[in-house]
Amino acid sequence: MRVVVTGGAGFLGSHLCDRLLADEHEVIAVDNLFTGSRRNIDHLLGRKDFEFVRHDVVEPILLEVDWIFNLACPASPIHYQYNPVKTVKTSVMGALNMLGLAKRVEARILQASTSEIYGDPQEHPQKESYWGNVNTIGPRSCYDEGKRVAETLMMDYHRQNGVDTRIVRIFNTYGPRMAIGDGRVVSNFIVQALKREKLTIYGDGSQTRCFCFVDDLIDGLIRLMTYAGDNAYEPVNIGNTDERSMNDLVAALGEILGRKLDVEYKPLPLNDPVRRKPDTTRARQRLGWETTVPLLDGLRKTVDYFRGVTDAGK
Ligand code: NAD
Ligand code: UDP
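Residues numbered from 1 in each chain as written. Chains lettered and ligands numbered in written order. Predicted model: local features only at pLDDT ≥ 70, side-chain atom pairs only at ≥ 80, totals over all residues. Heavy atoms only, no water.

Draft legend 1. Region of interest: the site of ligand 2. What surrounds ligand 2 is a group of 18 residues, the closest being Glu116, Thr200, Arg209, Asp272 and Arg276. With respect to ligand 2, the side chain of arginine 140 contributes an N or O atom lying 3.1 Å from an oxygen atom. Between ligand 2 and glutamine 207 there is a distance of 3.0 Å, counted from an oxygen atom to a side-chain nitrogen or oxygen. The protein chains hide 96% of the 520 Å² of surface that ligand 2 would expose on its own. Elements with a contribution of two residues or more to the shell around ligand 2: helix H5 (185-194) and strand S8 (199-202). Looking at the shell around ligand 2 residue by residue, the class counts come to 7 nonpolar, 5 polar and 6 charged. (Near = heavy atom within 4 Å. Polar contact = N/O pair within 3.5 Å; in protein donor to acceptor, adjacent residues only side chain to side chain. Areas by Shrake-Rupley, 256 points an atom, 1.4 Å probe, with all protein chains shown as cover. Helix = DSSP H or I, 4+ residues; strand = E, 2+ residues; numbered from the N terminus. Nonpolar A, V, L, I, M, F, W, Y, C, P; charged D, E, K, R; others polar.)

Draft legend 2. Here's a closer look at the layout of surface pockets. Considered as a void within the structure, the second largest pocket measures approximately 350 Å³ in volume. The wall of the second largest pocket is formed by 16 residues, among which Trp131, Glu151, Met155, Arg169 and Pro235 lie closest to the centre. At the level of elements, helix H4 (141-161) and strand S6 (165-170) are the ones that each hand at least two residues to the lining of the second largest pocket. The biggest single contributor to the lining of the second largest pocket is H4, with 5 residues. Grouping the amino acids of the lining of the second largest pocket by side-chain chemistry returns 7 nonpolar, 2 polar and 7 charged. (1 Å grid on protein atoms, 1.4 Å probe; cavity = no way out; pocket = protein on both sides within 12 Å on 5 of 7 lines; lining within 4 Å. Points joined across faces, edges and corners; volume = space filled by probe spheres on them.)

Draft legend 3. Geometry of the packing of helix H7 (residues 246-257) against helix H9 (residues 295-310). Look at H7 against H9: their axes get within 10 Å of each other, and the N-to-C directions meet at 65°. Of the possible angle classes, the one that applies to H7 and H9 is roughly perpendicular. Classified by chirality, the crossing of H9 by H7 is right-handed. Contacts between H7 and H9 involve Leu249, Ala252, Leu253, Glu255, Ile256 and Leu257 on the former and, on the latter, Leu295, Leu296, Leu299, Arg300, Val303 and Arg307. Partitioned by chemical class, the residues of the contact of H7 with H9 number 9 nonpolar, no polar and 3 charged. (Axes fitted to C-alpha atoms, helices over the stretch in contact; angles between N-to-C directions. Parallel < 35°, antiparallel > 145°, perpendicular 65-115°, else oblique. Left-handed = near helix turned anticlockwise from the far one by under 90°. Contact = heavy atoms within 4.5 Å.)

Draft legend 4. Expanded view of the site of ligand 1. If you check the shell around ligand 1, you find 30 residues, and the closest are Leu12, Asp31, Thr35, Tyr143 and Thr173. Contacts to ligand 1 include threonine 35, whose side-chain N or O atom sits 2.6 Å from an oxygen atom. In the environment of ligand 1, an oxygen atom lies 2.9 Å from a nitrogen or oxygen atom belonging to the backbone of glycine 36. Burial of ligand 1 by the protein amounts to 97% of the accessible area it has alone, namely 820 Å². Ranked by residues supplied to the shell around ligand 1, first place goes to strand S5 (residues 108-114) with 3 residues.

What follows is the structure in structure tokens.
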């Protein structure tokens, strides 16, 4: 297959490029390098089956491809709130442009959606059938609502134009190649711990998330893209079901580093979801997908990566 990965120089996108190339596909990574970096794809540049195109998905692009993975969008709150109007444009115009491309060349398209479309959920764990509890006018809305519209566009192109669409709702995923200054909790805690700084816990640390290691997530994306069963256009949650509080995460990291970690408490950001955990029954039943990497193993690999790129903690 000829495959385009938007956001291909980002954290998840670069791992997806690796996996697609290992599966012997030809890959075009499209990225404007807002939060992504050439370093993530350095090892791929120069390969005959890989091409990098610096491009903003807000603008249309003409390519001949069989599959489109639309991952372009800043994912960390500090990055998507840096220019919220641009975040909305990236999700909405990006989805429109990629769907237009999919329609023209009859490509299959997968949209990276997010657990954030459930907002601060009142159903726990979250099933795909849950419509969510999202603030339309808060600081997280540019991301949450942008992704909700991207899902709407996928479904409308599917119903109206017969485009072969896939929607994956990704829950918190971590691993090597998260940017050092990414701002998400796993990379923040690891970098702070390696630099022997205090770990910044927002709120009292009792809020929960489920952390999925990147390799498991990428496997889920490939399974959904190649799924040949019924209702392939329906959203699928991909995420770990091992629910942890931020205090648990500090403890897990302390166990790996073999020392007690100092923490400092900071105010909880507005609209920060209290609890989050996916119901992954659909992914299990349709895709035969399950997580394979326990938190401590995934964290160890991520710590090793950050040791290599930060000089800290050596
Ligand atoms: P990331 O910030 O590392 O990657 C996003 C990539 O998109 C970057 O390379 C960035 O430069 C690029 N990009 C941003 N705006 C662009 C634009 N206008 N045009 C072209 N490229 C643009 O984040 P990530 O964690 O790799 O996230 C990838 C995708 O997965 C995003 O769509 C995100 O919303 C989704 N997602 C990720 C998670 C997670 O936990 N990692 C959770 C839910 C959803
Ligand atoms: N968080 C934290 N300290 C940090 C960064 C984040 O306690 O340095 C908290 C944040 O408030 C949230 C959780 O960790 O409750 C996950 O945050 P992240 O930004 O990683 O993901 P999201 O909130 O988008 O799920």
